[in-house]
Amino acid sequence: MFLKIKNYLIRFILVHILITIVSLPILIWWGIPLSKLGIIGNLLFAPILTIFLVLSSIIFFTELLHIPNNYLIEGLEILITIWQKLLALGKKSWLI
């Protein structure tokens, strides 16, 4: 179990570093600062974003097919509330 978590974190960090290096010229050109806590933020928000996209897609298709989806919508609202509370914890001092 620990080995799986370790391997996941190592792959995640390597992908984050690669994406940061590739996108760095674009970020600098646009004047967007890098975050000191970017890797931690991505580690936290990648699963939340995945859940958000899956729930949103399921809700969309259930609406098209006229299938009741009240519980899915309530779950999405809870997820969005949690996401907003986590985002409110951010500070400008974390930017480089």
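Residues numbered from 1 in each chain as written. Predicted model: local features only at pLDDT ≥ 70, side-chain atom pairs only at ≥ 80, totals over all residues. Heavy atoms only, no water.

Student: Looking at this structure, I do not really get the packing of aromatic side chains. What am I missing?
Tutor: To describe a pair of aromatic rings, one takes the distance between the centres and the angle between the planes. One pass over the full model with this rule turns up four aromatic pairs. Relative to F61, the ring of F60 lies with its centre 5.2 Å away and its plane at 75°, an arrangement referred to as edge-to-face. By relative accessible area, which is 49% here, F60 ends up partly exposed. (Phe/Tyr/Trp six-rings, centres within 6.5 Å; stacked < 30°, edge-to-face > 60°. Buried < 20%, exposed > 50% of the residue type's maximum accessible area, 1.4 Å probe, protein only.)

Student: Would you take a moment to explain the side chain of H16 for this structure?
Tutor: Assignment of secondary structure puts H16 in helix α1 (residues 2-30). Apart from residues no more than four positions distant in its own chain, H16 is found in contact with G38, I39 and N42. (Helix = DSSP H or I, 4+ residues; strand = E, 2+ residues; numbered from the N terminus. Contact = heavy atoms within 4.5 Å.)

Student: Where do I start with the nonpolar core in this structure?
Tutor: Generally speaking, soluble globular proteins have nonpolar side chains that are buried together. Among the nonpolar cores identified, the biggest contains six residues, and these are I48, L55, I59, L76, L79 and W83. Put simply, the parts of the chain that give this core at least two residues each are α2 (38-64) and α3 (70-87). Those residues within four positions of L79 in sequence are excluded, and the remaining contacts are I48, I51 and F52. (Core = buried A, V, L, I, M, F, W, Y, C linked by side-chain atoms within 4.5 Å.)

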